[in-house]
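Chain residues, written in single-letter form:
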Amino acid sequence: MNTGWLVWECLVFGLFVCATSCAPLWRRKRDAAAGGDAKRAYIFAGGGVSTLSMILSVSRGTLGVRSFLGFPSEMVYYGSAMWETLYGMMLAFPLVCWIFIPVYYRLSTNSVYEYLQMRFGSIWVRRLAAATFLLRQTLNLAVTVYTPTVALHAVLALPHWASAAALTVVAIVFNLLGGLAAAIRADVIQTLAMVMVSAAFIIQATVTAGGPQQVISDNLEGNRFKFFNFTWDPTVRVDTMSALVGQMFMSVSIYGCQQTFVQRYCSMSSETRVKRTLLANVPAVFVLFSLSWVVGMALYAVYRYCDPLMSGRIVAPDEVLPFYVQDQFSFLPGMLGLFLGSLFNGALSFLVSNVNSISTVTWEDFVSQAPAFKGINDKQQLMIIKIIGIVYSIAIMCLSLCVGMVGGVIEGSLLVTSATSGALLGVFLLAAIFPMANGKGALCGMLSSHFITAWMATGRLLYVNDSVAMLPLSVENCPNATLSLLSPKALPVVVNQTLAQLAPVLQVLDSTHVPYKPKESFVFTALMKMYSVSYMWYAVIGTVTCVTVGVIVGLITGTEKDAFDELLLHPLVAKIGRKMPGRKRIFTEQVEEKVSEEKEPSDKTDETVVEDKQPAIFLTNGSRLFETYDRKTFPVRTRL
């Protein structure tokens, strides 16, 4: 790579990053005016985001930078098995529309986890769910920040710390100046950029390979298409069943129980618009998710007979896409800079939108409960939220550097994501569709779910070799000059004469030695089978555990003190519950009616008692969210 070419690529990279970072901020003053106050505009975009922008933002939020860089290499070296996770993603959106949106959109809260406190009357359930979300997102963001630093280090020789620091500084400035509306616009710009870059890759690679028919033919012959593979084996990394069921549970947990997405839903002006947007995401996610896999198909057709990994031109499978850009786009100066800029901006937009959410959750669910912050105004609250966002950005940058130094962190973060999805989905299902569940049951269910999935994940990391064999490629068509230049020559071997003389004796001793193999007990065998279960099933196991334990504990420990407002249930569940036989649930309004009957004035007194008649308000354990809540008539426009 000559110096002039490198300078040009760096210039394109810098201009692209600056332009796409500054463009979303140009309407920030109008966003604040639309929101009515700065805090509402920062957290909820002021309700001024178009439906198309929201569709692209939600779709972009489902696909991190690792999908842009990782899915093509997955297709080239492992086949299309992970592509089938698309089934579960697409099914998740209608389920979120039906189960959660009717419940969330009635409320007026800044944190989705405060709904759990309203429903169960327990601040510990709320804090445990919020802490689970914060842990998952922090680890995922660390890997997201680390991903583009690898490409920048490989191509531009930038140190990992320099790339991570630059990304963090830009994210901090973006969070200080913009809010959710700016983050959504950044998602839109980044989505369009990734679509255009991916389309360029597909077109060029398809032409190089010999046309679309040749690309499809090569992938068929190379056994890259692995669709509808029902193995019925839960230890398989991914098959059709785990991709459908396991990913569906994980996606419902992400789209329906995660602040990052719910914050976007409830920034819209009506519940109908939210549902329309979510359903429109089904084809949008299909296109965006499949785009990276089509890139992988075209790359395989190009490098089928000259694998850059086998020939020594790259050292890791994930480097195949950056290598392809250098190898095939040398005729188009600036393309490599545009590709690296898309990676950098992808991590930036993902970091910005998620830091907005995790700082809001930290403030609403933890920091705001401290006595020192009681009674402060919205402007002061917004300043604290931004300071929390700065702290998170710096912490995530430090964690991203640890990703490169500690082995297994990336796999660990994937296991944490799948392991925490079950507990979150389970507790929200208990809240929305299981009237018999109470605070004790929800807390026991979440703790049980976390224990089971964390146990399985730890056992998998310690005892299971989950490496997957790569599908075969070839180097038969690689130029000999390339192989001779890049393949290291064998070094001369110095023979140790002493060991050479002892070799026959050592061989005899080794042949007579019978290795001791301890007998494997039934418990050990069962544990190994449990540890071998694919992480794709962790969300299912965690959800079933949480719901089962929560319902059982709720039925055993339920009392009248567990009364809650019926409007916190799913409307259909509340309607069916009134007609079900057995013990009737006691709701808050029924308790209030009973108390008012006991306090009726006696006929013996002539005093007139004047009571201020207020609309029924359900118990929230000190929450400030129901100062204007009316049971009978909801506001025309409310937000979460």
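Values in this document were obtained by computation on a predicted structure and should not be read as measured data.

### What to know about the overall build of the protein chain
Along the protein chain, the regular secondary structure elements total 26 helices and zero strands. Across the 640 residues that make up the protein chain, the buried fraction comes to 52%. Taking as baseline every contact in the protein chain between residues at least 6 positions apart, the subset at least 24 positions apart corresponds to 86%. Surface exposure of the protein chain reaches about 30,000 Å², of which carbon and sulfur atoms provide 66%.

### Brief notes about the pattern of salt bridges
All chains considered together, the criterion is met by six salt bridges. Ionic pairing is found between R126 and E114, a salt bridge with its closest N-O pair at 3.4 Å. Of this pair, R126 sits in helix 9 (residues 123-156) while E114 sits in helix 8 (residues 114-120), placing them 12 residues apart in sequence. For the pair R126 and E114, one class covers both residues: buried. Where R304 meets D218, a salt bridge forms, and the shortest distance between an N and an O atom there is 3.1 Å. Of this pair, R304 sits in the loop between helix 15 (271-303) and helix 16 (320-328) while D218 sits in helix 12 (residues 212-221); the two residues are 86 residues apart in sequence, bridging distant segments of the chain. D218 gets classed as buried once you look at its relative accessible area, which sits at 6%. Through salt bridges with shared partners, a single network forms among E114, R126 and D365.

### Some words on the side chain of S400
Mapped onto the elements of the fold, S400 is located in helix 18 (residues 378-405). The class for S400 is buried, based on a relative accessible area of 1%. Apart from residues no more than four positions distant in its own chain, S400 is found in contact with A142, V145, Y146 and A164.

### Structural notes on the nonpolar core
Y115, F201, Y265, F339 and F428 are the most contacted members of the largest nonpolar core, which totals 149 residues. Sequence-distant contacts of F201, defined by excluding residues within four places in its chain, comprise V295, L321, Y324, V325, F329, M335 and F339.

### So, a nonpolar patch on the surface
Taken together, the side chains of V169, V173, L176 and L177 present a nonpolar region at the surface, about 310 Å² in accessible area. Considering the arrangement of structural elements, one finds V173 in helix 10 (residues 160-177).

### Some remarks on the packing of aromatic side chains
Across all of its chains, the model carries 29 aromatic pairs by this definition. Between F13 and F344, the ring centres sit 5.6 Å apart and the planes meet at 85 degrees, which makes this aromatic pair edge-to-face. With a gap of 331 residues between them, F13 in helix 1 (residues 3-22) and F344 in helix 17 (residues 335-365) connect regions that are remote in the sequence. The exposure class assigned to F13 is buried, which follows from its relative accessible area of 14%. The ring of W124 carries R127 above its face, with NZ or CZ at 5.6 Å from the centroid. Above the face of the Y78 ring, R237 is positioned so that its terminal group lies 5.7 Å from the ring centre.

### Structural notes on the state of the cysteines
Scanning the entire structure with this criterion turns up one disulfide. Disulfide pairing is shown between C306 and C478; the S-S distance is 2.0 Å. In this structure, the disulfide formed by C306 and C478 twists by about 115 degrees around the S-S bond and is classed as right-handed. Of this pair, C306 sits in the loop between helix 15 and helix 16 while C478 sits in the loop between helix 20 (439-463) and helix 21 (480-486), placing them 172 residues apart in sequence. Given the relative accessible area of 11%, C306 is considered buried. Relative accessible area serves as the criterion here: at 6%, C478 is assigned to the buried category.

### So, the environment of L244
Here L244 shows up in helix 13 (residues 240-257). For L244, a relative accessible area of 29% puts it in the partly exposed group. The sequence separation of L244 and M536 amounts to 292 residues, and the corresponding C-alpha distance is 9.8 Å. Each residue touching L244, except ones within four places of it in the same chain, is listed here: Y87, G88 and L91.

### So, helix 20
Under the 1.5 Å per step criterion, the end-to-end length of helix 20 is 36 Å for 25 residues, consistent within 8% with the ideal 36 Å. Among all positions in helix 20, only G439, G441, A442, G445, M446, S449, H450, T453, M456, A457, G459 and R460 are buried.

### Side note on the side chain of S353
Positionally, S353 belongs in helix 17. Polar side-chain contacts of S353 include one of 3.1 Å to the backbone oxygen of S349. Only 3.3 Å separates the side chain of S353 from the backbone oxygen of F350, close enough to count as a polar contact. Ignoring anything within four residues of it in the chain, the contact list for S353 reads A183, D187 and R264.

### Comments concerning the packing of helix 9 against helix 10
Look at helix 9 against helix 10: their axes get within 9 Å of each other, and the N-to-C directions meet at 130 degrees. Relative to helix 10, helix 9 is oriented oblique. Of the two elements, helix 9 crosses helix 10, and the hand of that crossing is right-handed. Contact residues: V145, Y146, P148, T149, V150, L152 and H153 in helix 9; H160, S163, A164 and L167 in helix 10. Residues belonging to the contact of helix 9 with helix 10 are distributed by class as follows: seven nonpolar, four polar and no charged.

How each quantity is defined
- Residues numbered from 1 in each chain as written.
- Predicted model: local features only at pLDDT ≥ 70, side-chain atom pairs only at ≥ 80, totals over all residues.
- Heavy atoms only, no water.
- Helix = DSSP H or I, 4+ residues; strand = E, 2+ residues; numbered from the N terminus.
- Buried < 20%, exposed > 50% of the residue type's maximum accessible area, 1.4 Å probe, protein only.
- Contact = heavy atoms within 4.5 Å.
- Areas by Shrake-Rupley, 256 points an atom, 1.4 Å probe, with all protein chains shown as cover.
- Salt bridge = Lys/Arg side-chain N within 4 Å of Asp/Glu carboxyl O.
- Core = buried A, V, L, I, M, F, W, Y, C linked by side-chain atoms within 4.5 Å.
- Patch = residues over 30% accessible without salt bridge, like charges linked within 9 Å, V, L, I, M, F, W, Y side chains within 5 Å.
- Phe/Tyr/Trp six-rings, centres within 6.5 Å; stacked < 30°, edge-to-face > 60°.
- Lys NZ or Arg CZ within 6 Å of the ring centre and 35° of its normal.
- Disulfide = S-S within 2.5 Å.
- Expected span 1.5 Å × (residues − 1).
- Polar contact = N/O pair within 3.5 Å; in protein donor to acceptor, adjacent residues only side chain to side chain.
- Axes fitted to C-alpha atoms, helices over the stretch in contact; angles between N-to-C directions.
- Parallel < 35°, antiparallel > 145°, perpendicular 65-115°, else oblique.
- Left-handed = near helix turned anticlockwise from the far one by under 90°.
- Nonpolar A, V, L, I, M, F, W, Y, C, P; charged D, E, K, R; others polar.

Function cannot be read off these values alone, since they describe shape.
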